[in-house]
Amino acid sequence: MITFPNAKINLGLNIVEKRPDGYHNLETVFYPVPLEDALEVNILHEGNEKFQLHQAGLEIEGEVENNLVVKAYKLLDEEFNLPPVDIHLFKHIPSGAGLGGGSSDAAYMLKLLNEKFTLGLTDESLEEYAAKLGADCAFFIRNAPTYAEGIGNVFSPISLSLKGYQIVLVKPDIFVSTREAFAKIKPHRQEMPLKEIVKRSIKEWKEWMINDFEESVFPQFPSIREIKEELYEQGAIYAAMTGSGSSVFGLFEPNAILPSNTFEEKTFIYRGILK
């Protein structure tokens, strides 16, 4: 059985306050993007192992045991005593890019196992399991436009459709430390709540919608700011860094001609149409 975990972008990201536990409360809007990994699971008939993980595509750093698809399997295996599985993961979504690739893989693994082994878990139950794997993992269970609060784990559905709009994603060969990005943030509330901004015309987002991490990341990595500026020069209606970086996206009109020979010196570029 095979499935295709997709990426997400943050439409706006505001750090509103620091919590007593050291974390930060934020507000953001998650929107799914049709940039996809491929995840396949089959029953493992040979050997004494509970699982095997085969990885291809973009490189994934770290030990196999720490991969979120493995953690998702182990989480359900603890309760349902699942059969041994052979896992194949092809990575197309860059890691450490603010695109939620690992979180999506984990959520889709839960959904795939639920279907393959007829576990009977509801979306609500799957969201509870996903939340144990990461703050934004649960978003990918329903995979629909969502307003997120708390540490990015308190969700409210929103009425928002960008269907037909084109997106250009650029991921430079730059690693942004989330810890350092948070350390330089000064929590504050925006003049207009993000929930109200997303109701306005997309043509007004450039004026009102911001990602607070840009203020701390751009001075340290000017080339990321340059990508955003170039997307606007190429005709984007709205452009921003997603998450704490380093990916930057630009939204373009449905009939716009996308930049074709731009950013080619960058590590990764994706062009697609939102659903």
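As a reminder, the structure under discussion sits directly above these lines.
Computed from a predicted structure; not experimentally measured.

This brings us to the nonpolar core. When a protein is soluble and globular, its nonpolar side chains tend to lie buried together. Leu11, Leu162, Trp205 and Leu251 are the most contacted members of the largest nonpolar core, which has 56 residues in total. Those residues in contact with tryptophan 205 that lie beyond four places of it in its chain are Leu11, Leu160, Leu162, Ile197, Val198, Arg200, Tyr238 and Leu251. Grouped together as the second largest cluster of nonpolar side chains are 35 residues, Leu39, Ile87, Leu89 and Ala138 included.

One can describe the packing of helix H2 (residues 101-116) onto helix H3 (residues 123-131) by two numbers: an axis separation of 10 Å at closest approach and a directional angle of 135 degrees. The pairing of H2 with H3 is recorded here as oblique in orientation. Handedness of the crossing formed by H2 with H3: right-handed. Seen from H2, the contacting residues are Leu110, Lys111 and Asn114; seen from H3, they are Leu126, Tyr129 and Ala130.

Let us now look at the side chain of threonine 28. Examined against the element boundaries, threonine 28 turns out to sit in strand E3 (residues 24-36). A polar contact of 2.5 Å, which involves the side chain of threonine 28, links it to the backbone oxygen of glycine 12. When near neighbours in sequence (up to four residues on either side) are disregarded, threonine 28 contacts Asn10, Leu11, Gly12, Leu13, Thr146, Tyr147, Ala148 and Leu194.

Below, the discussion takes up the packing of aromatic side chains. Summed over the entire model, instances satisfying the criterion amount to 7 aromatic pairs. For the pair phenylalanine 139 and phenylalanine 140, a centre-to-centre distance of 4.9 Å together with 70 degrees between the ring planes defines the contact as edge-to-face. Residue classification places phenylalanine 139 among the buried residues on the basis of a relative accessible area of 3%. The exposure class assigned to phenylalanine 140 is buried, which follows from its relative accessible area of 0%. Linked through ring pairs, Phe30, Phe139, Phe140 and Phe155 together constitute an aromatic cluster. Looking at lysine 111, its charged tip hangs above the ring of tyrosine 108, at a distance of 3.9 Å from the centre. The ring of tyrosine 232 carries the charged tip of lysine 206 above its face, separated from the ring centre by 4.1 Å.

Spatially, the 4 strands line up as an open sheet ordered E1-E4-E6-E5, and their pairing is mixed. Only two strands of the sheet have a single partner each, and these edge strands are strand E1 (2-3) and strand E5 (51-57). Relative to strand E6 (residues 85-91), E5 runs parallel, the two sharing 7 bridges. Note on E6: the bridge partner recorded for glutamine 52 is aspartate 86.

Turning next to the pattern of salt bridges. Applying the stated criterion across every chain yields a total of 12 salt bridges. Aspartate 123 is the salt-bridge partner of arginine 142, the closest N and O atoms lying 3.9 Å from each other. Here arginine 142 is found in helix H4 (residues 139-142), whereas its partner aspartate 123 is found in helix H3, with 19 residues between them in sequence. Exposure remark for arginine 142: the relative accessible area of 43% places this residue in the partly exposed category. Of the charged contacts, one joins glutamate 124 and arginine 142 as a salt bridge, the two residues approaching to 3.1 Å between their closest N and O atoms. Here glutamate 124 is found in helix H3, whereas its partner arginine 142 is found in helix H4, with 18 residues between them in sequence. Here the residues in one salt-bridge network are Asp123, Glu124, Glu127 and Arg142, joined through shared partners.

This part covers the environment of threonine 28. Of the residues examined, threonine 28 reaches a relative accessible area of 1% and is grouped as buried. In sequence terms threonine 28 and glycine 243 are 215 residues apart; their C-alpha atoms lie 9.2 Å from each other.

To continue, consider unusual backbone geometry. In most cases, non-glycine residues show a negative phi, while peptide bonds are predominantly trans. The omega angle of the peptide bond from glycine 245 to serine 246 is 10 degrees, so this bond is cis rather than trans. Secondary-structure assignment places serine 246 in the loop between strand E10 (238-241) and strand E11 (248-252). Located in the positive-phi region is threonine 118, a residue other than glycine, with phi close to 50 degrees. Mapping threonine 118 onto the fold places it in the loop between H2 and H3. A relative accessible area of 69% places threonine 118 in the exposed class. Not every positive phi belongs to a glycine, and asparagine 143 is a case in point at roughly 60 degrees. Its place among the elements puts asparagine 143 in the loop between H4 and strand E7 (146-149).

Below, the discussion takes up the sheet that holds E10. Ordered by their spatial adjacency, 4 strands build an open sheet running E10-E11-E9-E12, and the pairing between neighbours is antiparallel. Lying at the two open borders of the sheet, with one neighbouring strand each, are E10 and strand E12 (268-273). Adjacent strand axes in the sheet meet at a mean angle of 15 degrees, parallel and antiparallel pairs treated alike. With 4 bridges joining them, E10 and E11 adopt antiparallel strand pairing. By the bridge assignment, alanine 239 is partnered in E11 with glycine 250.

Analysis parameters
Residues numbered from 1 in each chain as written. Predicted model: local features only at pLDDT ≥ 70, side-chain atom pairs only at ≥ 80, totals over all residues. Heavy atoms only, no water. Core = buried A, V, L, I, M, F, W, Y, C linked by side-chain atoms within 4.5 Å. Buried < 20%, exposed > 50% of the residue type's maximum accessible area, 1.4 Å probe, protein only. Contact = heavy atoms within 4.5 Å. Axes fitted to C-alpha atoms, helices over the stretch in contact; angles between N-to-C directions. Helix = DSSP H or I, 4+ residues; strand = E, 2+ residues; numbered from the N terminus. Parallel < 35°, antiparallel > 145°, perpendicular 65-115°, else oblique. Left-handed = near helix turned anticlockwise from the far one by under 90°. Polar contact = N/O pair within 3.5 Å; in protein donor to acceptor, adjacent residues only side chain to side chain. Phe/Tyr/Trp six-rings, centres within 6.5 Å; stacked < 30°, edge-to-face > 60°. Lys NZ or Arg CZ within 6 Å of the ring centre and 35° of its normal. Pairing = 2+ DSSP bridges. Salt bridge = Lys/Arg side-chain N within 4 Å of Asp/Glu carboxyl O.

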